[in-house]
Structure formats: C-alpha cells, structure tokens
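# Observations on the model geometry
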Amino acid sequence: MGLGRRALRLGVKGVTGTVGLAGSAAVGSNERSVRTFIRHWAGIAILWLAAVLILQIWPGPIGAVLLLVAIFATARGLRVPFGGFFRALFTPAGLIFFGIVAGTILLVVYRTDLIAKIPGLATIPAGNLVLVAIAASATGLIVVALSHHVGAGARERLMREYGARIAQVLAVPINAVEASRLTKSRAGSLTLAPTPPGGALMLGKGASAEQRLAHVMPEFVINERSSGPQQIVFDPIETSLEAQTARERLAESDGLVIGIEEVEAGELPRQIWHLSEDAAPTAAPRIQALAESQGMTLISWAPYQRTATVGKLEPQTLAVRNSIAGFLGVPSHEVAVNLTVNPLEGYVSEVEVLRAPPVLDKVKRRTQWLALAASVLPAVPATIWRFEDRTSEGGAIKLRRLQDPLKDILTLADFNERFRNRVTDPSESWRSFPIAIREDGSPVEYQTFHTLGVGQTGAGKGSIWWSIFNGLVPSMRAGLVECYAIDPKGAEAIGEDGRPLGVFEKVATTAHEWAELVDELVTEMNSRKGRGRKPPVTREHPLRILLIDELSALSKLDTDKKRAQDVMAGLLAIASQGRSLNVLIVGLVQAPQKDMVGDLRDFMPMRVALRTGTKIETDLVLGDGATDAGAEAHLIPIAAPGNGYASAGTGFMRVEGDPAPVRIRLPFTDDRQIEEWSAEFPLLRAARAAEKQSTEVVMDSLDLSDLDFSAFDAPPPSTVELKPAPTPLIQW
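If you're wondering where the values come from, they're calculated on a predicted model, not measured in any experiment.

### Looking at a negative patch on the surface
A contiguous patch of negative charge on the surface is contributed by Glu496, Asp670, Asp671 and Glu675. Looking at where aspartate 670 falls in the secondary structure, it is placed in the loop between strand 22 (662-665) and helix 23 (671-701). You can call aspartate 670 partly exposed: its relative accessible area is 36%.

Here it is as structure tokens:
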C-alpha cells in the first residue's frame with residue numbers, strides 16, 4: 001500500500017506538471033528540468049503498472065479507478081487541460097474510444113457475474129480483457145491529446161492570422177488580444193472572448209472602428225448585437241458584389257470614407273459617402289478619383305456636412321457637365337445639370353443648371369451661359385438658345401433651344417409683300433421705311449441715319465445696302481434720292497459685264513475716282529448750308545447717299561498718303577454734318593477695328609453687326625455691353641453650302657436712342673432684281689435729263705422784254721412753274 005501511495009503521489013505531481021507532448025525539447029536545458037521530467041513520467045509509468053497489476057490480480061473497482069487516474073495523469077502530462085479533455089470527450093471519436101474504455105473496465109470488474117449470462121465469455125482470459133482495456137485507454141488518450149493539439153494549433157493559427165489585425169482594429173496591444181480566446185465558427189465568424197481592456201471603448205466609436213475594420217480586415221464586419229464587454233463577434237461580410245464594392249471603397253479611401261449609404265435615385269445608382277472628421281474641402285479630388293475607380297463620379301461635395309454624393313450619370317449628362325466645368329475652369333463636382341433631350345432629333349433641347357459657381361452680375365451671367373451653350377453643346381441648324389434666369393428667386397438657370405423664327409431665308413419679294421402697305425407718299429417715304437424683320441415678325445425701320453454695317457466674308461453685308469436701297473426706290477423714282485458708290489473691290493456696285501450698276505449716279509473704283517467723288521459730295525453738302533436746320537429734299541437738292549463697300553480699304557489701297565488723308569477728312573465732314581444737310585454714308589466693312597472705321601464709327605448711329613469674329617468686334621460695332629445685352633453676333637454660324645447659306649443676312653442692329661440691340665434678318669435681294677433696277681434707273685435719269693433740257697429750251701426762247709406789266713400790281717414772274725413729271729411705268 002505504501003508503494004501505491006507513492007505511485008499515486010508521483011502521478012498527482014505528473015498531473016500538475018508542465019511537461020507537454022513536446023516536453024522533451026526542454027531536456028538538457030538544465031539539470032533540474034531533466035529530473036522533473038524523469039520524475040513526472042516515472043510516476044505516470046508506476047500508475048499504469050499498478051493499474052495493470054491490480055486489474056490482473058484483483059479485477060475490481062480499485063483497479064478501474066487506478067486506471068482512470070493513470071489516464072488523467074497522462075493527459076495532464078501531455079498538457080491536455082481538463083476543459084479540453086472533457087470537450088474532446090464529447091466529440092464523436094472521443095465518445096467511441098472512451099465508451100470502449102468504460103465497457104472494458106466494466107467487463108473486467110463484473111466478469112464473474114456476466115459469465116453466467118453471456119455464453120462464451122468465460123473462454124476469454126482475464127488478462128486479455130485487461131490488455132484490451134489498456135489499449136482502448138491508450139487509444140482514447142491519444143485521440144484526446146491529438147484533438148487538444150489540433151484545437152490548440154487551430155487557435156494558435158487563428159491568433160497568428162487575426163490577432164495583430166484585431167489588435168489594430170480595437171486599438172489595443174497585441175498581448176491584450178492574446179490573453180483572450182479566439183475561436184472561429186463553421187459559418188466563418190470570429191469570436192473574441194472576453195473583450196480586451198479598451199476594446200469596448202473603441203467599439204463605442206462605431207465609425208472609427210468600422211473604418212479600421214474596413215481597412216485592416218475588409219472581409220469582416222462587426223456584429224453589433226454580439227459586441228460588448230463580454231465578447232466581440234466578427235461576421236464574414238456578404239459575398240454580394242455591392243457589399244464587396246462598398247467595403248473596397250471604405251478600405252481604399254484610407255480613412256476618408258467611414259460609411260456608405262445607398263440612395264434611391266431612379267435607375268442610376270447613387271450613394272452618400274459619410275466622411276471622417278479629418279475630411280477637408282481640399283479632399284474632393286481624392287473622392288473623385290475613388291469614385292471614378294468604381295465607375296462612378298462625384299456628384300456633390302459637402303465636406304462641412306461630412307458627406308459626398310457619388311453615383312452614375314447618363315453618359316451625355318456626364319459629358320456636358322464635364323465640358324461646362326472645363327469651360328468655367330472649376331472642378332466637375334461644382335456643377336450639376338439636368339438635360340432634356342429632344343425625343344425625335346436626339347439633341348439636347350434644355351439644360352437646367354442646378355449648381356454652378358455664382359456670377360453676381362445678371363448681364364454677365366446671361367452672356368456667360370449663352371456663350372457656354374454655344375461652345376459646349378453641338379450646334380443644331382435652325383435653332384437658337386434662350387436664357388431663363390431664376391437665380392434671384394432661388395431657382396435654377398435654364399437654357400432652352402428653340403426653333404429659330406429667323407431660320408428661313410427671306411426673299412425681297414416676300415418682304416415687300418408683307419410690308420407693302422407701309423410705303424406712303426414717295427415724297428416722304430425716304431424718311432422711314434422697313435429694311436428687316438425682328439424675331440417677333442415685326443419690321444425694323446430705317447430712318448436715314450449714317451449707317452455702319454459689319455460682317456465677315458459671306459455674312460451678307462450686301463443685304464444691308466440692298467435693303468436700304470429697296471426702301472429708297474419710290475423716292476428715287478420721284479427724283480428725290482440719288483445713290484453713289486465707292487467700290488474698291490469692284491464687286492457690289494459693278495455688274496457682271498464690268499460696267500457700274502445703273503442704280504448709282506456714279507461709281508468710284510480707284511483712289512483717284514473716290515477722292516473726286518468725296519470732294520464732290522463735300523462741295524454739294526457745303527453748298528446747302530444756310531438753308532435752315534433741315535433743308536427740304538427736292539429734285540434740285542435730292543438726298544444723296546454714298547455706299548462704301550469695304551471702308552477700311554480707302555486708306556490701305558491709296559499709296560498717296562496726302563490724298564488718303566483728304567478723303568478721310570471729307571468723309572468725317574460728311575459723317576459729322578451730312579445728315580442735317582441730306583448727305584448720308586452707308587459704310588460696309590469686315591473688321592470694325594481698322595483705323596478709318598474707328599474714326600467714323602462714332603458718327604454712325606445706325607449699326608448692323610452680322611457675323612463677327614470675336615466678342616470684342618461685336619461690342620465695337622454695337623457699343624460697349626452689347627454682347628452682355630444679348631447681341632451674340634460673334635456666335636452666328638458661318639454661311640456655307642452645307643447649311644444653305646441660311647445664316648447670311650442674320651445679325652443684330654442698334655439704332656441711336658434704342659438701348660438694346662435687336663436680332664434681325666435682312667431680306668435677300670437676288671441678281672435679277674438688281675438687274676431690273678439697273679435697267680430702270682438709267683432710263684429714268686435720261687427722261688429727267690430730257691425733261692430738264694426741254695424746260696431750259698422753253699425758258700431760253702421766251703422774250704419778255706417788250707411786255708408791259710405796269711397795269712399789274714404784282715411783279716412779272718421770274719420763273720415758270722412746271723408740272724411734276726409723269727409717274728414711271730415701273731412701280732415698286
């Protein structure tokens with residue numbers, strides 16, 4: 001019995017030992033550890049030997065108990081904790097092998113009683129049953145040890161794989177995490193229990209913990225229902241593409257985005273990204289880049305509210321928004337637009353500007369957005385943009401593309417048909433007559449002002465002159481108006497046969513000729529001085545109008561500088577004094593900033609701008625601020641065969657006293673009509689010359705010297721009153 005107690009005591013020491021399955025690795029570390037190792041395993045061996053001897057000599061409860069003690073001592077020596085031991089017991093393999101152990105022990109203990117009940121059992125030697133019990137016990141012990149080892153290894157692997165990352169998520173030291181138990185369920189959830197000190201505090205900062213988790217462990221989310229002081233549960237994230245993409249955005253934002261909220265916004269996905277407290281207004285490019293990496297774009301940016309709206313836009317909307325932002329020189333997220341597309345033609349018919357950098361000045365705002373629409377959006381023939389400004393009412397800016405009421409070419413015949421009833425007495429009609437139409441269809445009146453017309457090649461400058469001439473025709477037929485022309489290019493006032501058009505009294509094409517013509521008109525103008533503020537227009541003193549085609553050429557094409565200066569002085573004299581003396585200038589030019597044009601421009605109150613090259617040119621013609629008031633002559637498309645020359649003759653007109661320029665279309669005068677006029681007026685001039693000569697002959701043949709007028713109170717007549725010339729057969 002003393003030996004048994006000694007063996008039991010050694011076995012208990014083995015239970016409390018620290019040598020494990022790998023305890024042999026400690027052998028040789030020092031003498032004491034070697035002795036401890038030998039003592040522990042010697043005690044365990046004595047326990048097994050005692051159990052075997054007792055079971056063979058005296059099969060009974062004492063041997064069975066001693067065998068169980070040997071098993072537990074061995075398990076402890078193998079570093080199998082009691083908790084792990086009993087958990088392993090309830091695994092399928094543990095139950096099987098421990099069932100064999102228990103059954104064998106019971107069989108050995110109660111063998112004598114069972115022999116009578118179970119035939120054939122007596123033939124089995126008792127020693128064999130003991131060996132079976134020992135083998136089953138050893139096998140069960142190995143299963144338990146391996147199960148514990150596998151479980152411990154799995155926990156170690158989990159800790160190696162996730163421990164440092166969990167510590168980073170919870171912002172606690174790694175040893176605080178290792179002090180807890182980390183397990184993984186079949187569903188893939190990680191459970192850390194208990195919660196490391198400080199971990200619960202970090203979980204209270206939900207956004208920060210979530211962001212850390214997204215960055216460090218993007219495959220997991222924190223289970224809020226199972227998180228707290230007792231334990232933390234990390235559930236595997238959903239495998240859907242949306243969930244993975246959202247987590248990727250959180251991770252890629254490097255702490256800038258801490259949460260993603262889906263937004264119901266029609267067919268195109270939208271999301272609100274919640275930003276961290278460190279988000280600065282300058283972080284917009286990072287958000288934009290992150291959104292673009294996910295196939296989306298930054299729609300709105302509100303860093304002070306800690307939010308950013310991202311999503312997908314229609315390709316056309318995105319392209320227009322980016323183009324507008326580029327035009328304004330701002331980031332694209334500062335611009336928000338809605339587009340309306342014409343369902344039949346497919347072009348953008350309306351642009352609603354919901355958000356854009358503000359322009360406080362209303363006039364500049366209008367100019368900016370109209371210019372932007374013309375520059376950013378493709379041109380559509382026969383349409384124009386209209387600007388609707390509701391920003392002062394807290395609304396949006398709207399740009400609407402409308403069918404152009406002036407899109408169709410207007411022939412002179414149609415124009416005369418519409419406004420024929422406006423022509424009055426030829427003796428007065430020269431004072432005011434229609435020359436163009438507005439967008440509302442009403443006529444634009446010409447009121448015998450000096451006129452400047454500007455337009456690039458192909459813009460239809462000739463229509464300015466022929467529209468004026470068309471209104472003067474009734475008075476010209478009555479002999480009250482005479483037209484002269486300076487045509488350096490020999491194009492507008494010269495016919496196809498090379499001869500001057502018959503509608504003009506004189507045509508000058510060389511510097512010498514136009515110098516003489518200007519001098520002649522200045523002399524005529526000076527001769528009319530002293531007849532009152534506004535001398536009447538008569539046949540003897542008709543209204544004289546000088547057409548100058550390409551005004552700037554008068555100085556450029558004359559090599560005689562003195563003569564060029566004299567011509568300029570004469571034109572300035574006419575421009576400054578001629579209107580009150582019934583001598584007018586209609587000057588046409590391509591570029592309004594030339595020297596000669598600049599000197600005359602201020603004396604020409606009626607100005608017409610057809611297609612110009614730049615905004616500056618438009619303002620030079622129509623006055624400062626004209627483009628801001630809506631005169632976009634520089635945006636008129638080029639007249640070409642592709643558009644049927646539809647833009648020729650369209651432009652803007654400003655008259656002295658009228659604050660705003662008016663968009664107009666001038667009628668088109670064809671060559672046939674000009675030829676008819678050119679054939680008519682030489683005949684009228686010849687008829688008037690013959691009539692004048694006949695009258696002079698009659699006057700010269702009268703001899704009134706022998707007549708006695710003493711009986712009359714009135715003095716003898718000095719002239720003979722003539723009847724008006726008969727109306728020509730050709731009527732306007």
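### Looking at the packing of helix 13 (residues 315-328) against helix 14 (residues 362-376)
Contact geometry for helix 13 and helix 14: axes closest at 10 Å, N-to-C directions at 125 degrees. The orientation of helix 13 with respect to helix 14, classified from their angle, is oblique. Note that helix 13 runs across helix 14; the crossing there is right-handed. Residues Val320, Ser323, Ile324, Phe327 and Leu328 of helix 13 lie in contact with helix 14, whose contacting residues are Gln368, Trp369, Ala371, Leu372, Ser375 and Val376. Grouping the constituent residues of the contact of helix 13 with helix 14 by class yields 8 nonpolar, 3 polar and no charged.

### Section: the pairing of strand 8 (residues 307-311)
Each regular strand displays side chains that alternate between the two surfaces of the sheet. When strand 6 (residues 270-275) meets strand 8, the two strands line up antiparallel, connected through 5 bridges. Each residue of the ladder has a partner; that of arginine 270, found in strand 8, is glycine 311. Pairing between strand 7 (residues 297-302) and strand 8: 5 bridges, direction antiparallel. Note that in strand 8 the partner of alanine 302 across the bridge is threonine 307. Taking the residues between adjacent antiparallel strands as the criterion, strand 7 and strand 8 are bridged by 4 residues, where arginine 306 takes a positive phi near 60 degrees.

### Some words on the environment of glutamate 350
Note on placement: glutamate 350 falls in strand 10 (residues 348-355). Assessed through its relative accessible area of 18%, glutamate 350 is described here as buried. Not counting residues within four places of it along the chain, the set of residues in contact with glutamate 350 comprises Asn338, Leu339, Thr340, Lys398, Leu399 and Arg400.

### Topic: the sheet that holds strand 7
The strand order 5-6-8-7 describes an open sheet built from 4 strands, whose pairing is antiparallel. If you trace the sheet from one side to the other, it starts and ends with strand 5 (257-263) and strand 7, each paired once. The sheet shows a mean angle of 25 degrees between the axes of neighbouring strands, direction not considered. Those strands touched by helix 12 (residues 284-293) are strand 5, strand 6, strand 7 and strand 8, and its axis lies near 150 degrees from that of strand 7.

### Re the side chain of arginine 365
Among the secondary structure elements, arginine 365 is positioned in helix 14. Residue classification places arginine 365 among the buried residues on the basis of a relative accessible area of 10%. A distance of 2.7 Å separates polar atoms of two side chains, one belonging to arginine 365 and the other to aspartate 389. In this structure, arginine 365 is in contact with Val359, Leu360, Phe387, Asp389, Thr391 and Ile397, ignoring residues within four places of it in sequence.

### Side note on the pattern of salt bridges
In total, this model carries 18 salt bridges according to the counting rule given. For arginine 431, the salt bridge is made with glutamate 428, and the minimal N-O distance between the two is 2.5 Å. Under the relative-accessibility criterion, arginine 431 is labelled partly exposed at 38%. The closest approach of N and O atoms between glutamate 439 and arginine 663, which form a salt bridge, is 2.7 Å. Here the residue glutamate 439 occupies a position in the loop between strand 13 (433-438) and strand 14 (443-446), and arginine 663 occupies one in strand 22, the gap between them amounting to 224 residues. Taking the relative accessible area as the measure of exposure, glutamate 439 reaches 27% and is therefore partly exposed. Each of Arg386, Asp404, Glu439 and Arg663 takes part in salt bridges that share partners, so that together they form one network.

The rules we used
- Residues numbered from 1 in each chain as written.
- Predicted model: local features only at pLDDT ≥ 70, side-chain atom pairs only at ≥ 80, totals over all residues.
- Heavy atoms only, no water.
- Patch = residues over 30% accessible without salt bridge, like charges linked within 9 Å, V, L, I, M, F, W, Y side chains within 5 Å.
- Areas by Shrake-Rupley, 256 points an atom, 1.4 Å probe, with all protein chains shown as cover.
- Salt bridge = Lys/Arg side-chain N within 4 Å of Asp/Glu carboxyl O.
- Lys, Arg positive; Asp, Glu negative; His and termini not counted.
- Charge placed at Lys NZ, Arg CZ, Asp CG, Glu CD.
- Helix = DSSP H or I, 4+ residues; strand = E, 2+ residues; numbered from the N terminus.
- Buried < 20%, exposed > 50% of the residue type's maximum accessible area, 1.4 Å probe, protein only.
- Axes fitted to C-alpha atoms, helices over the stretch in contact; angles between N-to-C directions.
- Parallel < 35°, antiparallel > 145°, perpendicular 65-115°, else oblique.
- Left-handed = near helix turned anticlockwise from the far one by under 90°.
- Contact = heavy atoms within 4.5 Å.
- Nonpolar A, V, L, I, M, F, W, Y, C, P; charged D, E, K, R; others polar.
- Pairing = 2+ DSSP bridges.
- Polar contact = N/O pair within 3.5 Å; in protein donor to acceptor, adjacent residues only side chain to side chain.

The values are spatial; any link to function lies outside them.
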